Amino acid sequence: MNEANPYVIQTHGLSKTYKNIHALGSLDLNVHQNSIFGFLGPNGAGKTTTIKLMLGLTRPTAGTATIFGMDSVTNSVDIRARIGYLPQEPHFYEYMTARQTLRFTAEFFFKGPKKAIDERVEEMLGLVDLSDKADRSIKTFSGGERQRLGIAQAQVNYPDLLILDEPAASLDPLGRRDVLEVMSKLRKYATIFYSTHILDDVQRVSDTVVILNKGELVAQGPIEELLAGSEGVIYIIHLKGDIESALKQVQSLSWVSGVKTSQNNDESIWQVSVTDPEAAETQLLKLLVNGPVVVNEFRRKQYELEDVFMQVIEGGQDVRK
Amino acid sequence: MSGNEAFELVSERGWSRGLNTMLRSGLARWFKTRMWWVQCLIWGSLVGSILATIAFNPQPPPPADLYMIFMVFVGLFPAVGVVIIMQDALVGEKREGTAAWVLSKPLTRPAFVLSKVFANSLGILVTMVIVPFILGVAIITIVTKSTLNPLGYLEAIGVIFISDFFFLALTLMLGTFFDSRGPVIGIPLGILFMQQNLIGFLPALRYVLPWTLVVPIGNTDPLAISFLLKTPLPQDQLITLAAIVIESILFVSIGLWRFNREEF
């Protein structure tokens, strides 16, 4: 990666087939430096396969993945020296304690000094609230504790890129909140690429989102763009009064591509699709307010990520940006 | 990486990257957990108790027979333990997901495999060869009031270890090909216990199986006994020794090649 290439991760036609199973098909991704990149998809969509390809744990059937400008197959070890990774189901050596696990992980990156490594280990234990369990065997850890240890070991080396596979999967709501906070704090120092099923989390912290389905990329873009919806920009207007003449006026505007109307008691509800959001923002409300109607509500339609997700997964709709 | 200025970064490059860390962890597993004394206890008490029962009998067998019995127990049975331990080193780690986890760190695949070879070799040498060997020889020398040549002592330990290493390397190699424990345990144990029959069926196999290194065949002493007692070395068994070393290196090499192609 250099100044000319602001992307930490780039994949071109990345594909993986296991025997006859098509796990991932021709994935093109660009992950910007210091972004929090949400990687979404139902089970079996190819999320973990993509992560394993990026880490060099498995080889692509076709295409390439470039991390920090290095090829994931030929420079896998150099790439991993700058990455922190949390697997979907973290497994550690059961004969070690949490502290030993973090020290063991740190020693893949740092030779010393011992004091600095020990301090970093303590810091990470504190970060995930495992200080009081630091010297307990991992054998006795619950799923949530293992997950927290996984988050700690992924960060112990100050990674430039943090890859988290379902980081909040086994955590309670407080644990989830803490993970999201940590991710937000780390954005300044690192790029975060994470897969999840929890759409609410993605909407809270991500700036860019990709949705995979059946090994294919079906949506990619800044979260605001995805949340704006694939139907284009729509304004929702609740109004009363001389609806007919106002409707004719609105429909005659060159940047209005359609109006859907419905009735709720004595109120009309319009969904106005526009081709020029700027013109709509400045002129539409003014036009209506100056006309023969009373405007009770005027807002731009916002989608929840869940709506977008369901739309692209169930509808098979492609909303690639 | 921001924030890591306070640290001295690991400088290993190339195929050995991560080897030191894995080796330290592997040795810690052997010698900083109860594993070392459990193994010492198992093999020491097995060899010691059986040999003591025979040797301290009011009518003990002649020293030569005692040595033969000793060699069968110290040379053959610990190989079962070697197979059990080594199947866990690769198949266990692949199945439990720890191999994928450590390989997500800056660790090369050859370093991962070789750390298993080195750490387990040392653990096995100390707990399953040297400790029961010293115990067994001590019992025999007390009973027979004989003294042994220290060089022969070391050479015999070396031969026993080479025999065990054959099973270590074979199990490791199989662990890179299979994901289930059955064949990885079954094939080496099958070879271990069928060696005599296989050699009986096809005598040339005595050159490629480690049987004659630790178990007498016909009237010929096993090579380890010849070294220990400083009797003339049977030339055939020296060929076997060389073949076993070459085969073991080959098994490790094939394991390295295969593990490089492994997908997680």
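Because the structure is a prediction, the values reported are computed rather than measured.

Focus on the overall build of chain B
Move 1: Assigned secondary structure in chain B consists of eleven helices and one strand.
Move 2: In sequence order, chain B lays out its α and β elements as β-α-α-α-α-α-α-α-α-α-α-α.
Move 3: Relative to a compact globule of 264 residues, whose C-alpha radius of gyration would be 18 Å, chain B shows 20 Å and is just as compact.
Move 4: Judged by the C-alpha coordinates and their principal axes, chain B covers about 75 × 40 × 30 Å.
Move 5: Considering only contacts within chain B whose residues lie at least 6 apart along the sequence, 79% involve residues at least 24 apart.

Here's the deal with the interface of chain A and chain B
Move 1: On the chain B side, the residues contacting the 31 residues of chain A number 28 residues.
Move 2: Contributing elements (two or more residues each) for the side of chain A that touches chain B: α1 (47-55), α2 (76-80), α3 (98-106) and β7 (110-112) of chain A.
Move 3: Looking at which element gives the most residues to the side of chain A that touches chain B, the answer is β7(A), with three residues.
Move 4: Looking at the side of chain A that touches chain B residue by residue, the class counts come to 18 nonpolar, five polar and eight charged.

Some words on the confidence of the model for chain B
Move 1: For chain B, mean pLDDT is 91; residues scoring 70 or higher make up 99% of the total.
Move 2: Across the predicted assembly, pTM comes out at 0.84 and ipTM at 0.87.

Quick word on the domain arrangement of chain A
Move 1: Entries for chain A in the domain assignment read domain 1 (7-228) and domain 2 (233-300).
Move 2: In this structure, domain 1 of chain A and domain 2 of chain A have C-alpha centres spaced 45 Å apart.

Looking at the sheet that holds strand β15 (residues 293-300) of chain A
Residue and element names in this part refer to chain A.
Move 1: Read from one edge to the other, the open sheet built from four strands follows the order β13-β14-β12-β15, with strand pairing classed as antiparallel. Edge positions in the sheet fall to β13 (256-264) and β15, since each has one partner strand and no second. On average, adjacent strands in this sheet sit at an angle of 20° to one another, irrespective of strand direction.
Move 2: As paired strands, strand β12 (residues 233-241) and β15 are joined by seven bridges and run antiparallel to one another. Residue pairing for β15: Ile 237 is matched across the bridge by Phe 298.
Move 3: Packing against the sheet, helix α10 (residues 277-289) makes contact with β12, β14 (267-274) and β15, and its axis sits at approximately 0° to β12.

What about the sheet that holds strand β4 (residues 62-67) of chain A?
All names here are of chain A.
Move 1: An order of β2-β1-β4-β5 is seen for the four strands of this open sheet, with the pairing classed as antiparallel. Each having just a single partner strand, β2 (21-32) and β5 (70-71) make up the two edges of the open sheet.
Move 2: Examined bridge by bridge, strand β1 (residues 7-18) and β4 share five bridges and lie antiparallel to one another. Within β4, the residue paired with Gln 10 across the bridge is Thr 66.

Notes on the packing of helix α6 (residues 109-144) of chain B against helix α7 (residues 150-177) of chain B
Residue and element names in this part refer to chain B.
Move 1: Contact pair α6 / α7: the axes reach a minimum separation of 10 Å and the direction vectors enclose 140°. With respect to each other, α6 and α7 are oriented oblique. The element α6 and its partner α7 pack so that their crossing is right-handed. For the pair α6 and α7, the contacting residues are Lys 116, Val 117, Asn 120, Ser 121, Ile 124, Leu 125, Met 128, Val 129, Ile 130, Phe 133 and Val 137 in the first and Tyr 153, Ile 157, Ile 160, Phe 161, Asp 164, Phe 165, Leu 168 and Leu 172 in the second.
Move 2: Residues that form the contact of α6 with α7 fall into these classes: 15 nonpolar, two polar and two charged.

Describing α3(A)
Move 1: Most of α3(A) is tucked away, with eight of its nine residues classed as buried.
Move 2: At its buried positions, α3(A) is contacted by β7, α4 (114-127) and α5 (143-155) of chain A together with α1 (19-31) of chain B.

Digging into unusual backbone geometry
Residues and elements named next belong to chain A.
Move 1: Residue Pro 113 is bonded to the preceding Gly 112 through a cis peptide linkage, with omega at -10°.
Move 2: When you line up the elements, Pro 113 lands in the loop between β7 and α4.
Move 3: The phi angle at Tyr 158 is positive, at roughly 50°, despite the residue not being glycine.
Move 4: By secondary structure assignment, the location of Tyr 158 is in the loop between α5 and β8 (161-165).
Move 5: In this structure Tyr 158 comes out as buried when scored by C-beta crowding, with 20 C-beta atoms within 10 Å.
Move 6: The phi dihedral of Glu 166 is positive, around 55°, even though this residue is not glycine.
Move 7: Inspection of the secondary structure assignment puts Glu 166 in the loop between β8 and α6 (173-186).
Move 8: Judged by C-beta crowding, with 20 C-beta atoms within 10 Å, Glu 166 ranks as buried.

Describing the nonpolar core
The nonpolar side chains of a soluble globular protein tend to be buried with one another.
Move 1: Ranked by size, the top nonpolar core spans 145 residues in total, and within it B:Ile160, B:Leu172 and B:Ala224 carry the most contacts.
Move 2: With 15 residues, α7(B) is the single largest residue contributor to this core.
Move 3: Excluding its chain neighbours within four sequence positions, the residues that come into contact with B:Leu172 are B:Met86, B:Ala89, B:Leu90, B:Lys116, B:Val117, B:Phe251, B:Val252 and B:Gly255.
Move 4: The next biggest cluster of nonpolar side chains, apart from the first, holds twelve residues, and it includes A:Ile234, A:Ala246, A:Trp270 and A:Val272.

Analysis parameters
Residues numbered from 1 in each chain as written. Chains lettered and ligands numbered in written order. Predicted model: local features only at pLDDT ≥ 70, side-chain atom pairs only at ≥ 80, totals over all residues. Helix = DSSP H or I, 4+ residues; strand = E, 2+ residues; numbered from the N terminus. Rg over C-alpha atoms; globule rule 2.2 N^0.38 Å. Contact = placed C-beta atoms within 7 Å. Nonpolar A, V, L, I, M, F, W, Y, C, P; charged D, E, K, R; others polar. pLDDT = per-residue confidence, 0-100. Domains from an automatic or database assignment. Pairing = 2+ DSSP bridges. Axes fitted to C-alpha atoms, helices over the stretch in contact; angles between N-to-C directions. Parallel < 35°, antiparallel > 145°, perpendicular 65-115°, else oblique. Left-handed = near helix turned anticlockwise from the far one by under 90°. Buried ≥ 20, exposed ≤ 12 C-beta atoms within 10 Å, placed from the backbone. Core = buried A, V, L, I, M, F, W, Y, C linked by C-beta atoms within 7 Å.

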